[in-house]
Amino acid sequence: MSDLHIRCANLTDIEAVLQFWREAAEGTSISDDYDGVARLISRDPEALLLAEGDGSLAGTVIAGFDGWRCSAYRLAVHPSCRRQGIATALMEAAEQRFIALGGRRVDAMVLEANEPAHHTWAAADYHREDHWRRWVKPL
């Protein structure tokens, strides 16, 4: 994509981001609603990164940092834009944010059944840690 631009999302982007995730992301989350994304942006205005190109949203990643851990969520690229370096550009931007904040390691949330995502993360030098499992409790 020739004119790729990465920027932080703002509150006016929420509806477009939610629609984008329905089209481009694998699965949904309990937080995938207007209020959830608004809380994210309000709490950490630089966490949700958007990749735009050719006048439209091409990709997203949430680069969350809680002061101790760096976490990558919702790395998604529109199906028509895949294999053009957008995921790589988003993760490079996320990693630069983490480094600037003093982060030391990135944990990425990747669905077990999403084989294409496994290849994407491996190509970016991430590796799977089989000794960890995610435990969750909806509130």
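These numbers come from a predicted model, not from an experiment.

About the criteria used
Residues numbered from 1 in each chain as written. Predicted model: local features only at pLDDT ≥ 70, side-chain atom pairs only at ≥ 80, totals over all residues. Heavy atoms only, no water. Salt bridge = Lys/Arg side-chain N within 4 Å of Asp/Glu carboxyl O. Helix = DSSP H or I, 4+ residues; strand = E, 2+ residues; numbered from the N terminus. Buried < 20%, exposed > 50% of the residue type's maximum accessible area, 1.4 Å probe, protein only. Pairing = 2+ DSSP bridges. Axes fitted to C-alpha atoms, helices over the stretch in contact; angles between N-to-C directions. Contact = heavy atoms within 4.5 Å.

(A) Geometry of the pattern of salt bridges. The full count for this structure, using the stated rule, is eight salt bridges. For Glu46, the salt bridge goes to Arg97, with nearest N and O atoms at 3.6 Å. Placement of Glu46 in the loop between α2 (34-43) and β2 (48-53) and of Arg97 in helix α3 (residues 86-100) is noted, with a sequence separation of 51 residues between them. Under the relative-accessibility criterion, Glu46 is labelled partly exposed at 47%. Here Arg97 falls in the buried class, since its relative accessible area comes to 10%. We note a salt bridge from Arg128 to Glu112, for which the minimum N-O separation is 2.8 Å. With Arg128 in the segment after α4 (115-123) and Glu112 in the loop between β5 (106-108) and α4, the pair connects residues that are 16 residues apart, well separated along the chain. Connected through salt bridges with shared partners, the residues Arg7, Asp13 and Glu52 form a single ionic network.

(B) Broad picture of the sheet that holds strand β4 (residues 70-77). Strand order in this open sheet of five strands is β1-β2-β3-β4-β5, and the pairing throughout is mixed. The sheet is open, and its two borders are formed by β1 (5-8) and β5, each paired with just one other strand. Neighbour to neighbour, the strand axes of the sheet diverge by 25° on average, direction disregarded. When β2 meets strand β3 (residues 56-65), the two strands line up antiparallel, connected through six bridges. Of the residues in β3, the one forming a bridge with Leu48 is Ile62. Against the sheet, helix α1 (residues 14-24) makes contact with β2, β3 and β4, and its axis sits at roughly 100° relative to β3, the strand it touches most. Contacts from α3 reach β1, β2, β3, β4 and β5 within the one sheet, and its direction differs from that of β3 by about 30°.

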